[in-house]
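Examining the three-dimensional arrangement
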Amino acid sequence: MTETATIDQHPAWKALLDHAEAMRDVHLKDLFHESDQRYPDFSRRAAGLMLDLSKQRWRRETLDKLLALARVAGVPKGIERLLAGERVNLSEDRPALHTALRLPADAHLNVEGEDVVPGVHRTLKRMAAMVDKFHAGQWRGATGKAVTDVVNLGVGGSDLGPLMVTHALADYRPRDIHPVEVHFASTMDGSQLADYLTRFNPETTLFVLSSKSFTTIDTLSNARTAQDWLMGHLVNGRGDRDLVMRQHFIGVSASPEKMSEWGISDANQLEFWEWVGGRYSLWGAIGLPIAVAVGMDNFRELLAGAHEMDRHFANAALEDNLPVLLALAGIWNVNFLDIRAHSILPYEGRLEFFASYLEQLEMESNGKSTTNSGQTTPYSTCPVLWGQLGPNAQHAFYQLLHQGTQPVECDFIAPMRRYDRIEDDATRALLKEQHRLTLANCFAQSRVLMLGDEAIEDDGPRPNHKHYRGNQPSTTLLLDRLTPSTLGSLVALYEHKVFVQATIWDINPFDQWGVELGKKIATQTERVLASHEGVEALDESSRHLIEAVWRAEEQ
Ligand code: F6P
């Protein structure tokens, strides 16, 4: 434990505490009555995104104080250090350089004596060659048939990012190519994989083993089952094991040795770097399933959109900087208004997996309680974050948002335009109507959350159970359209938001030590379950659960 003062000891934090006291009883609707300038004051545009923070429970004065806090916490310097490739991941003593994965080919970034950009683009070229081969129907299985199904086996960052983007950009699948479908299996129980194995043809199925460490048991157990399935179907007849390995497996990892040990042929290994964190890795080789699904051009557009956000993050003044502003709204809610739940609500069906993706990005990054100098944080850090498609959530958990006892911050996310590419006029018109309906719901919900009963014009007397108190803060993010480029900037926006919050909280957003102990204990528990030995050393609850499973197995 060191003597370093934590950020909550700084006058800038204390000024915010005093200010929060004065703001505590101010209702959002009053803030809108006070000023007709909230929208120009609190909204900003950059990189194809429009960020409206006017429905946050703050005043201009609040934001000024938060900006002062960001400065004293070293946010401007932190941004510079992150983007320059300095060792910002202190506990693992390495840079966090996901932004290098989206630098253009003619850029240079010298990190500890080496320009990392050429390596990034070499990998992109190798990915492009693989994608071309799939799309030309030239990637053939062991029996000579062209591959039609690519299954990504990965978990966490090696699954959630590619899954989210592949789904989000499904309208961008290239036409006139050999059809290849991309699928994802992450669960260690094998349930997702088992479903594919009953439906797919082994002759035309290829597996991408995605794992930064190449030690993750979830992925490796799925991989072993997949390998056994392929060998069982393809080796007894015409094929041979090496051929199956060459034609049906690609490996993506930061550990080429481990890929080789597992049997991935050199030509099928895509490598990335230790300085890319798992949950920040969709921009490089881990993004291979995305590139197979939507084509390399769209994948490069995704990178370009993220890079545009990176440049904005690097160059915009703090008061105009979208990631900084989004982060400060979160800090204000968590640390000063005691709002520790945060819901992500996309009004765009294609963003179905966006909330799960952000759950890892935000909570695995900032779910920490030890500062960089080893003290226990005396303040709250990452809120509990969850979400679902907004329209579906309206019929599920919005009741709690409107009338529950929890204050919750909400992010509403929607594209302004939709369905322009539908060729049939009648269908396009109807779908556009559905889009309008969706936007109406999105705007209506944030209004009711803000105003409560006041959102209704004929506001007569009502019983308590029909009362809406409002005052729930929200952010609205509008994308010009959902394109590879705007999706790239949206994801980069949240990545940088997480970094800014971590800088203010003085925690490391790039490690995840909190998940290690569970893995160790699971290995020990598996030994007990399999061997029937050592159960008596466990606690009473675990012992009874294990014994119940043994009894069930005997029946
Ligand atoms: O256990 C957590 C974690 O390490 C995540 O950070 C990571 O995204 C996931 O597991 C998968 O790890 P890997 O890509 O090494 O298989």
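Everything here concerns the structure above.
Summary of the structure given here. (Residues numbered from 1 in each chain as written. Predicted model: local features only at pLDDT ≥ 70, side-chain atom pairs only at ≥ 80, totals over all residues.)

1. Thoughts on the sheet that holds strand β1 (residues 43–46)
- Ordered by their spatial adjacency, six strands build an open sheet running β1-β2-β13-β12-β10-β11, and the pairing between neighbours is mixed. Each end of this open sheet is capped by a strand with a single partner; those strands are β1 and β11 (384–387). Each adjacent strand pair in this sheet contributes to an overall mean axis angle of 15 degrees, direction not counted.
- Sheet topology note: the β1/strand β2 (residues 49–52) ladder contains four bridges and is antiparallel. (Pairing = 2+ DSSP bridges. Helix = DSSP H or I, 4+ residues; strand = E, 2+ residues; numbered from the N terminus. Axes fitted to C-alpha atoms, helices over the stretch in contact; angles between N-to-C directions.)

2. Side note on the packing of helix α5 (residues 75–84) against helix α19 (residues 484–505)
- Two numbers describe how α5 lies on α19: the axes approach to 10 Å, and their chain directions differ by 125 degrees. When the interaxial angle is binned, α5 and α19 end up oblique. Classified by chirality, the crossing of α19 by α5 is right-handed. Only Phe499, Val500, Thr503 and Ile504 of α19 make contact with α5, whose side of the interface consists of Val75, Gly78 and Leu82.
- Partitioned by chemical class, the residues of the contact of α5 with α19 number five nonpolar, two polar and no charged. (Parallel < 35°, antiparallel > 145°, perpendicular 65-115°, else oblique. Left-handed = near helix turned anticlockwise from the far one by under 90°. Contact = placed C-beta atoms within 7 Å. Nonpolar A, V, L, I, M, F, W, Y, C, P; charged D, E, K, R; others polar.)

3. A short note on the sheet that holds strand β9 (residues 269–271)
- Reading across from one edge, β6-β5-β7-β8-β9 is the order of the five strands in this open sheet, with parallel pairing throughout. The sheet terminates laterally at β6 (181–185) and β9, the two strands that pair on one side only. Strand-to-strand twist across the sheet, computed as the mean angle between neighbouring axes with direction ignored, equals 20 degrees.
- The sheet contact formed by strand β5 (residues 149–153) and strand β7 (residues 205–210) spans five bridges and is parallel. Each residue of the ladder has a partner; that of Asn152, found in β7, is Val208.

4. Overview of the nonpolar core
- Core analysis: the biggest nonpolar cluster contains 143 residues, and Met127, Phe207, Leu288, Ala291, Val292, Leu328 and Ile504 have the highest contact counts within it.
- The leading source of residues in this core is α19, at 12 residues.
- Excluding residues that lie within four positions of it along the chain, Phe207 makes contacts with Val151, Leu153, Ala223, Ala226, His248 and Phe249. (Core = buried A, V, L, I, M, F, W, Y, C linked by C-beta atoms within 7 Å. Buried ≥ 20, exposed ≤ 12 C-beta atoms within 10 Å, placed from the backbone.)

5. A few points about the pairing of β7
- With six of its six residues buried, β7 lies for the most part within the structure.
- Covered by surrounding structure in β7 are Thr205, Phe207 and Leu209 together with Leu206, Val208 and Ser210, the residues of both alternating faces.
- As paired elements, β7 and strand β8 (residues 249–253) share four bridges and run parallel to each other. For Val208, the partnering residue across the bridge sits in β8 and is Ile250.

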